[in-house]
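Understanding the architecture of this molecule
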Amino acid sequence: MRDGFADRTNDEFLQEVLSRVNELRARHGSSLLTLDPELVEYSKSRASFMAEKDNLTHEGLRSGTGENGAWAGASTGPTAGSGIAAVDSWYSEISNYAFATGKAIDSTKAIGHFTALVWKNTTKLGVGRVAGQGTKWWETYIVANFSPPGNMGGQYVMNVVPAS
């Protein structure tokens, strides 16, 4: 393990991420999420944990919580990566999602970040960001946690619908 990075979660970051997530959810007929203070604190701790591990991992994720993680690196710093870029990266998995079947078009490519983002039954969001100097890059870890979690087997078609 390495030393953790500084918390770079601020109100501007939280509002940018919440606005972008809700904009994308609205496209898919999903209700708007609310920021949950406890989930924000949990997301900060998860981002710090991943930075210390130097790995995007769901290791130790508490039960009843969904999670998306993102990493960004920059050659100059100090800097903190964009929350909107992380959300857009997760959403880009839509290109591999088959709405009719609720499955990946190409099973070797991910869909879970996208589906967690727009999952209809999810109501609360927490997000955290840490950033610091890694061994080669200025690194940012961004973690979003969702409650109740999405990606429940057999429920994709009813919870993840095409954009209207």
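Each chain has its residues counted from 1, following the order in which its sequence is written. Local features are withheld for residues below a pLDDT of 70 in this predicted model, meaning they are given only at 70 or higher, and side-chain atom pairs are given and counted only at 80 or more; totals for whole chains, interfaces and linings count all residues. Hydrogens and waters are ignored; side-chain quantities use all the structure's heavy atoms.

Right, let's get into unusual backbone geometry. The residue after Ser147, namely Pro148, is reached through a cis peptide bond having omega -20°. Here the phi dihedral of Asp54 falls at roughly 55°; this positive angle occurs in a residue that is not glycine. For each residue, the accessible area found with a 1.4 Å probe, counting protein chains only, is set against the maximum for its type, and the residue is called buried under 20%, exposed over 50%, and partly exposed in between. Under the relative-accessibility criterion, Asp54 is labelled partly exposed at 44%.

Our next topic: the pairing of strand S7 (residues 138-147). A large share of S7 lies buried, amounting to nine of its 10 residues. Whether two strands pair comes down to DSSP finding at least two bridges between them. Only DSSP runs of H or I with at least four residues qualify as helices, and only runs of E with at least two residues qualify as strands; both kinds are numbered from the N terminus onward. Pairing of strand S3 (residues 66-74) with S7 involves nine bridges; the strand directions are antiparallel. Directly across from Gly66, in S7, lies its bridge partner Phe146. Connecting the antiparallel pair strand S6 (residues 124-133) and S7 is a turn made up of four residues.

This brings us to a nonpolar patch on the surface. Nonpolar side chains (Val, Leu, Ile, Met, Phe, Trp, Tyr) within 5 Å and like charges within 9 Å form the patches, drawn only from residues with over 30% relative accessible area and no salt bridge. The protein chains shown are the only cover counted for residues, whose accessible areas, like all others here, come from Shrake-Rupley with a 1.4 Å probe. Here, a salt bridge means any Lys or Arg side-chain nitrogen found within 4 Å of an Asp or Glu carboxyl oxygen. Together, Leu56, Trp71 and Trp137 give the surface a local cluster of nonpolar side chains, amounting to about 290 Å² of exposed area. Looking at the element boundaries, Leu56 is found in the loop between helix H2 (37-53) and S3. On the basis of relative accessible area, Leu56 is assigned to the partly exposed category, the value being 41%.

So, on to the UniProt feature "domain: SCP" (unreviewed entry) in the protein. Mapped onto this numbering, the UniProt entry annotates "domain: SCP" (unreviewed entry) at residues 12-154. Secondary structure across residues 12-154 comprises 34% helix and 24% strand; the distance between its end C-alpha atoms is 37 Å. UniProt positions are given in the numbering used here, feature names are shortened, and annotations may be inferred rather than shown by experiment.

The next subject is the pattern of salt bridges. Counted under the stated rule, the structure contains nine salt bridges. A salt bridge links Glu23 to Arg27; the shortest N-O distance between them is 3.5 Å. Highlighted residues: Glu23 and Arg27, both in helix H1 (residues 11-27), separated by four residues, approximately one helical turn. Its relative accessible area of 34% is what places Arg27 among the partly exposed residues. The salt bridge involving Lys53 is made with Glu59; its shortest N-O contact spans 3.3 Å. Where salt bridges share partners, they join Arg20, Glu23, Arg27 and Asp88 into one cluster.

This next bit is on the nonpolar core. Core analysis: the biggest nonpolar cluster contains 27 residues, and Trp90, Leu117 and Leu125 have the highest contact counts within it. Elements with a contribution of two residues or more to this core: H1, helix H3 (83-91), helix H4 (112-118), S6 and S7. Counting residues per element, this core draws most heavily on H1, at six residues. By definition, residues are in contact when any of their heavy atoms lie within 4.5 Å. Here Trp90 is in contact with Asn68, Gly69, Ala70, His113, Phe114, Leu117, Ile142 and Ala144, once residues within four sequence places are set aside. Nonpolar cores are built from buried Ala, Val, Leu, Ile, Met, Phe, Trp, Tyr and Cys residues. Side-chain atoms within 4.5 Å join them into one set. Within the second largest apolar cluster, seven residues are counted, among which are Phe5, Ala47, Met50 and Ala51.

Looking at the secondary structure, you find Gly128 in strand S6. Residues Gly128 and Glu41 lie 87 residues apart in sequence; the distance between their C-alpha atoms is 7.3 Å. Contact partners of Gly128, with chain neighbours within four places excluded, come to Thr9, Phe13, Ser43, Lys44, Ala47, Tyr141, Ile142 and Val143.

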